[in-house]
Amino acid sequence: MLISVIICTRNPRSDYLSRVLEGLRRQTLELNQWELVLVDNDSDEPLAGKIDLSWHPLSRCVREEMRGHVPARLKGIESSAGDFLIFVDDDNVLHDDYLEQALEIGAKWPMLGTWGASITGEFEVPPPTCLEPYIDGLAICELDQAYWSNIPVWTRATPYGAGVCVRKEVAASYLHAARETPLRRSLGRSGANLGAGDDSDLSWTSTRLNLGFGRFPELKLTHLISARRLTTEYMTSLFAGFVGSGIILDHLWGRPVKEPPLVMQVLSLVKALLRGDKIQRMIAWRSFSSKRQAWQLLKTNAGSDAPRGGPALKATI
């Protein structure tokens, strides 16, 4: 089996998921070259038998009761048989040649363990003007060239989770690390918690196997952005989640993190509240809470080992 396509979803929008599945049905790669695994992440109504996967002879629906993006991905890894895994969110519409392009990149770039896409946004409603500076936070980034790296820090080479391609050995290493380190499972979204960092953690796992990661313009997908995500409430919570998750991610990858004295945290918050516009003030306030939660998680898991990345080799980005 060449490819396992894994869709992780909870209570999906039927119109969005239908478009995701239709995009997969149009793939130019023959059906016998890839399998389809739908991970039902504790949906209120079980998806088995409700979602029509009969068009694909190598498809199945599995259920993960523990809510969260990371537990759903781990279930997908456990349930897959492909040499490459491709994670597709329930609002990602792949271009027709996505799977073929993914295989070609995997063959041409054996030094990469994970690779991702150029992502175009399709908005249910026009984004409010005040939110336009923050739209990239919705995993929208169109590429005109390839980027790659083997240093586990965020750059344009770090794939977003949408459509990310993962070699089987990297996925197995990530699965093992997530089982061994509870902090890893605190990353990513879970219910109303808009955490982050799990995409980078997965991609950077390549470096532990002396492999790199990258993004390629040949891989194209459309990210369907619902009106719910184009609100000040959602966007400010999203960016605050980036801040808190970043602290945990730095710790996991061996970068020094130290909690500032509370008085310094409060002074920094006050400055941000006085200087910023409305959205910046909301992000600052919510980031303060997100950082406090992250520091508490680190204290709770003080005995956990922090796995290190691979060798810090020279990167092309």
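Check the entry above for the structure.
Worth saying up front: this structure is predicted, and the values here are computed from it rather than measured. Residue numbers run consecutively from 1 along every chain, following the written order of its sequence. Totals for whole chains, interfaces and linings use every residue, but because this is a predicted model, local features are given only for residues with pLDDT of at least 70 and side-chain atom pairs only at 80 or more, for both listing and counting. Note that the side-chain values use all heavy atoms of the structure and ignore hydrogens as well as water.

## Comments concerning the overall build of the protein
In this text, helices come from DSSP runs of H or I with a minimum length of four residues, and strands from runs of E with a minimum of two, each type numbered from the N-terminal end. Check the secondary structure of the protein and you find eight helices and nine strands. We compute the radius of gyration over the C-alpha atoms and compare it with the globule rule, which gives 2.2 Å times the number of residues raised to the power 0.38. In terms of C-alpha radius of gyration, the protein reaches 19 Å, essentially the compact-globule figure of 20 Å for 317 residues. The principal-axis extents of the C-alpha atoms in the protein amount to approximately 60 × 45 × 40 Å. For the exposure calls, accessible area comes from a 1.4 Å probe over protein chains only, and a residue counts as buried if that area is under 20% of its type's maximum, exposed if over 50%, partly exposed in between. When burial is assessed residue by residue, the protein has 52% of its 317 residues classed as buried. Should any heavy atoms of two residues lie within 4.5 Å, those residues are counted as being in contact. Taking all contacts inside the protein whose residues are at least 6 apart in sequence as the whole, residues at least 24 apart take part in 81%.

## Quick look at the packing of aromatic side chains
Here a Phe, Tyr or Trp ring, Trp counted by its six-membered ring, pairs with any other such ring whose centre lies within 6.5 Å, and the pair is stacked when the planes are under 30 degrees apart, edge-to-face when over 60, and tilted otherwise. Inspection of every chain in the model, using the stated rule, returns eight aromatic pairs. For the pair Phe-84 and Trp-115, a centre-to-centre distance of 5.6 Å together with 75 degrees between the ring planes defines the contact as edge-to-face. Placement of the pair is Phe-84 in strand β4 (residues 84–89) and Trp-115 in strand β6 (residues 112–123), with a sequence separation of 31 residues. Assessed through its relative accessible area of 13%, Phe-84 is described here as buried. With 5.1 Å between their ring centres and 70 degrees between their planes, Trp-109 and Phe-216 make a pair best called edge-to-face. Pair noted here: Trp-109 is in the loop between α3 (98–108) and β6 and Phe-216 is in strand β9 (residues 212–225), with a separation of 107 residues, a long-range link. Among the residues examined, Trp-109 registers a relative accessible area of 25% and is labelled partly exposed.

## Remarks on the pattern of salt bridges
In the sections that follow, a salt bridge refers to a side-chain nitrogen of Lys or Arg positioned within 4 Å of a carboxyl oxygen of Asp or Glu. Under the definition given, this model contains 21 salt bridges. In this structure, Arg-13 and Glu-124 form a salt bridge, with 3.1 Å as the shortest nitrogen-oxygen distance. Of the two residues, Arg-13 is situated in the loop between β1 (3–9) and α1 (14–25) and Glu-124 in the loop between β6 and β7 (147–149); the sequence distance between them amounts to 111 residues. Assessed through its relative accessible area of 41%, Glu-124 is described here as partly exposed. Across the pair Glu-45 and Lys-50 runs a salt bridge, and its minimum N-O distance is 3.2 Å.

## Some remarks on the side chain of Ser-79
Structurally, Ser-79 is set in the loop between α2 (69–78) and β4. In this structure Ser-79 comes out as buried when scored by relative accessible area, which is 17%. Residues within four places of Ser-79 in sequence aside, it is in contact with Glu-35, Val-37, Arg-60 and Val-62.

## Observations regarding the packing of helix α6 (residues 232–252) against helix α8 (residues 278–300)
Axis angle and axis distance: for two packed helices, these are the angle between their axes and the distance between the axes, and together they describe the pair. Relative orientation of the contacting elements α6 and α8 amounts to 35 degrees, with a least axis distance of 8 Å. For α6 against α8, the interelement crossing comes out right-handed. In this structure, α6 contributes Thr-232, Glu-233, Thr-236, Ser-237, Phe-239, Ala-240, Gly-241, Val-243, Gly-244, Ile-247, Ile-248 and His-251 to the contact, and α8 contributes Ile-279, Met-282, Ile-283, Arg-286, Ser-287, Ser-290, Lys-291, Ala-294, Trp-295, Leu-297 and Leu-298. For helices, the fitted axis covers only the stretch in contact; all axes are lines through C-alpha atoms, and the angles between them, taken along N-to-C directions, range from 0 to 180 degrees. Less than a right angle of anticlockwise turn of the near helix away from the far helix marks a crossing as left-handed, whereas a clockwise turn marks it as right-handed.

## Observations concerning a nonpolar patch on the surface
Only residues whose relative accessible area exceeds 30% and that form no salt bridge are eligible for patches; like-charged ones are grouped when within 9 Å, while nonpolar side chains (Val, Leu, Ile, Met, Phe, Trp, Tyr) are grouped when within 5 Å. Per-residue accessibility takes into account occlusion by the displayed protein chains alone, with areas from the Shrake-Rupley method and a 1.4 Å probe. Taken together, the side chains of Leu-262, Val-266, Val-270 and Leu-274 make up a nonpolar region of the molecular surface, amounting to roughly 360 Å² of accessible area. Within the secondary structure layout, Leu-274 lies in helix α7 (residues 262–275). Since its relative accessible area comes to 70%, Leu-274 is described here as exposed.

## Things to note about the side chain of Arg-167
When you line up the elements, Arg-167 lands in strand β8 (residues 165–167). Apart from residues lying up to four places away in sequence, Arg-167 is in contact with Asp-83, Phe-84, Gly-106, Trp-109, Pro-110, Leu-112, Gly-113 and Trp-115.

## Quick notes on the environment of Leu-187
Structurally, Leu-187 is set in the loop between α4 (168–180) and α5 (198–204). For the pair Leu-187 and Leu-224, spaced 37 residues apart in sequence, the C-alpha to C-alpha distance is 23 Å. If sequence neighbours within four positions are ignored, Leu-187 has contacts with Val-70, Ala-196, Gly-197, Asp-198, Asp-201, Ser-245, Ile-248, Leu-249 and Leu-252.

## Overview of the pairing of β4
Burial runs high along β4: six of the six residues are buried. The alternating pattern of β4 places Phe-84, Ile-86 and Val-88 on one face and Leu-85, Phe-87 and Asp-89 on the opposite face, and all of these are buried. Two strands pair when backbone bridges link them, and β1 and β4 are joined in this way by six bridges, in the parallel orientation. By the bridge assignment, Val-5 is partnered in β4 with Ile-86. Two strands are said to pair when DSSP picks up at least two bridges between them.

## Section: the packing of α2 against α4
Viewed as axis vectors pointing N to C, α2 and α4 meet at an angle of 130 degrees, and their least axial separation amounts to 10 Å. Taken together, the axes of α2 and α4 are oblique relative to one another. Crossing of α2 over α4 shows left-handed handedness. Across the interface between the two elements, Val-70, Leu-74, Ile-77 and Glu-78 of α2 pack against Ala-171, Tyr-174, Leu-175, Ala-178 and Arg-179 of α4. An angle below 35 degrees is treated as roughly parallel, one above 145 as roughly antiparallel, one from 65 to 115 as roughly perpendicular, and anything else as oblique.

## A look at the environment of Glu-218
Relative to the helices and strands, Glu-218 is located in strand β9. By relative accessible area, which is 38% here, Glu-218 ends up partly exposed. For Glu-218 and Arg-185, which are 33 residues apart along the polypeptide, the C-alpha to C-alpha distance reads 31 Å.

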